[in-house]
Amino acid sequence: MSDLVNGINGYIWSLPLIYLCLGVGLYFSLRTRFLQIRHIKEMVRLMFKGESSPAGITSFQALTLSLSGRVGTGNIAGVATAITFGGPGAVFWMWVVAFFGAGTAFVESTLAQIYKEKDDKGLYRGGPAYYIEKGLGMKWYAWIFAFATIIGCGLLLPGVQANSIASGIENAFGISTSVSAAAVVVMLGLIIFGGVKRIAHFTQIVVPFMALGYILVAFVIIVMHIDMLPDVVGLIVGSAFGMKAGFGAILGLAIEWGVKRGIYSNEAGQGTGPHPAAAAEVSHPAKQGLVQGFSVYVDTLFVCTATAFMIIITGAYNVMGKAGEAIVEQLPGVEAGPGYTQAAVESVMPGFGGMFVAIALFFFAFTTILAYYYIAETNVAYINRQVHRPWLTFLLKIALMSSVVYGSVKTAELAWGLGDIGVGLMAWLNIVAILLLQKPALLALKDYEAQKAQGLDPTFDPVKLGIKNADIWVKDKKANTGTRADEVLTDAEVERG
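Read on for a plain summary of the structure. The structure displayed is predicted, hence computed values, not measured ones.

Calculation rules
- Residues numbered from 1 in each chain as written.
- Predicted model: local features only at pLDDT ≥ 70, side-chain atom pairs only at ≥ 80, totals over all residues.
- Heavy atoms only, no water.
- Helix = DSSP H or I, 4+ residues; strand = E, 2+ residues; numbered from the N terminus.
- Buried < 20%, exposed > 50% of the residue type's maximum accessible area, 1.4 Å probe, protein only.
- Contact = heavy atoms within 4.5 Å.
- Axes fitted to C-alpha atoms, helices over the stretch in contact; angles between N-to-C directions.
- Parallel < 35°, antiparallel > 145°, perpendicular 65-115°, else oblique.
- Left-handed = near helix turned anticlockwise from the far one by under 90°.
- Nonpolar A, V, L, I, M, F, W, Y, C, P; charged D, E, K, R; others polar.
- Phe/Tyr/Trp six-rings, centres within 6.5 Å; stacked < 30°, edge-to-face > 60°.

**Examining the side chain of threonine 84**
Checked against the element boundaries, threonine 84 lands in helix H6 (residues 77–86). Taking relative accessible area as the criterion, threonine 84 reaches 3% and is therefore assigned buried. In contact with threonine 84, other than residues within four places in its own chain, are Asn318, Val319, Met320, Ala336 and Tyr340.

If you want it as structure tokens, here you go:
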């Protein structure tokens, strides 16, 4: 099974995808004139603005729901894996992916807002499948993405998170992985059967506290070794370009693993972030696009960096060469994963480190599983617009919980391999789509900036911008100007005025 999975990943995660992810991030950063720098203050301001409605959640809830997907086991186990197979230099390439990825995250999340719609329960739904169908008119492509996402987020990716939870708890408390699996499934069922609002409220409370607590512990460890910090940064940057002895031979692997784990962690371009972004109640799509761009920073530049510094500054890592030979071996017999981070914290805080990381990993990974369920459910809702099979949602819940059990008891290598397949497939499909459909997002940014320059609180008018099929915005605008709320303009009516 592992050989088959690795073979598939060899094709999916070939060099073209690595270069495509980096290239698209750079391209959108240039097209948006590096909004991730220009609008950093606006990103922070918008995080705490906005109100929920019967149809949508607040910008902050959408951010935390998105962060629950971005901040997961990739921030702890994923960083360790990247360092093991790409060396410390892989961390630098994770930073690069995050910086450029903020531009990609803006584009995909703004598109999700532009082309969102209401489901049969009156809740906002959106994501790549929706904007591929409405923006590109390619329903067949939208269905392919929807199926790939249901498989990826409903079956393949949850197992990675569950595996890290189970192994972290087993390392810290000696509790069997099967017991952990049972506990996680019960908790998961209590929440996902409560719907998107319950998921949003849960993540709104848990995500900020877990991220801040984790970063605080990392900060303490870094301060205790502050004299070593310049050397650690030098090692990361030098290894990223093959300038450090011993790491020159794995320069290509540093880039590959940095990009792969960077995308897995911050999800920019993967197509997962647009789903919670579409659920937000905002007056202009660019608002949520900017908020989602900032979430990439929170994930990689804060949480992933905290993990990397803890691991490297305490020397709690191994590095393997292309042929499996040990280049650095400071944790003999320890498999790449949460064990590195647990060893790092334990070396400074004996008796506390293993338990703390296990608990942090539980919350990181558990909220990510919740986000995966929401994303998969949104794509089931997309398909149900046509096939009208309500039982598909129930089937998804059962399949996802089964994936959690399976992932908990299988090896970490197999779990990560399956997860990489899911991430890679979605990334290929979504990146191609947003490259083809970039114009509406760029128009929305230009419109937002123009209204802000006039001192206005920006509102969105797709007709004015020549954007078609943004029906929910046209409908809401007519409702707010006294037109019948149930009247929906067709494209022909819009063009006739």
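**What to know about the packing of helix H10 (residues 177–192) against helix H18 (residues 391–409)**
The contact between H10 and H18 brings their axes to 9 Å, and the two run at 160°. Considering the angle they form, H10 stands roughly antiparallel to H18. The way H10 lies across H18 gives a crossing that is right-handed. Within the contact between the two elements, H10 uses Thr177, Ser178, Ala181, Val184, Val185, Leu188, Gly189 and Ile192 and H18 uses Lys397, Leu400, Met401, Val404, Val405, Ser408 and Val409. Classifying every residue of the contact of H10 with H18 gives 10 nonpolar, four polar and one charged.

**Some details on the packing of aromatic side chains**
Applying the stated criterion across every chain yields a total of 20 aromatic pairs. With centroids separated by 6.5 Å and ring planes inclined at 65°, the aromatic side chains of phenylalanine 92 and tryptophan 95 adopt a geometry described as edge-to-face. With phenylalanine 92 and tryptophan 95 both in helix H7 (residues 89–114) and three residues apart, the pair spans about one turn of that helix. For phenylalanine 92, a relative accessible area of 19% translates into the label buried.

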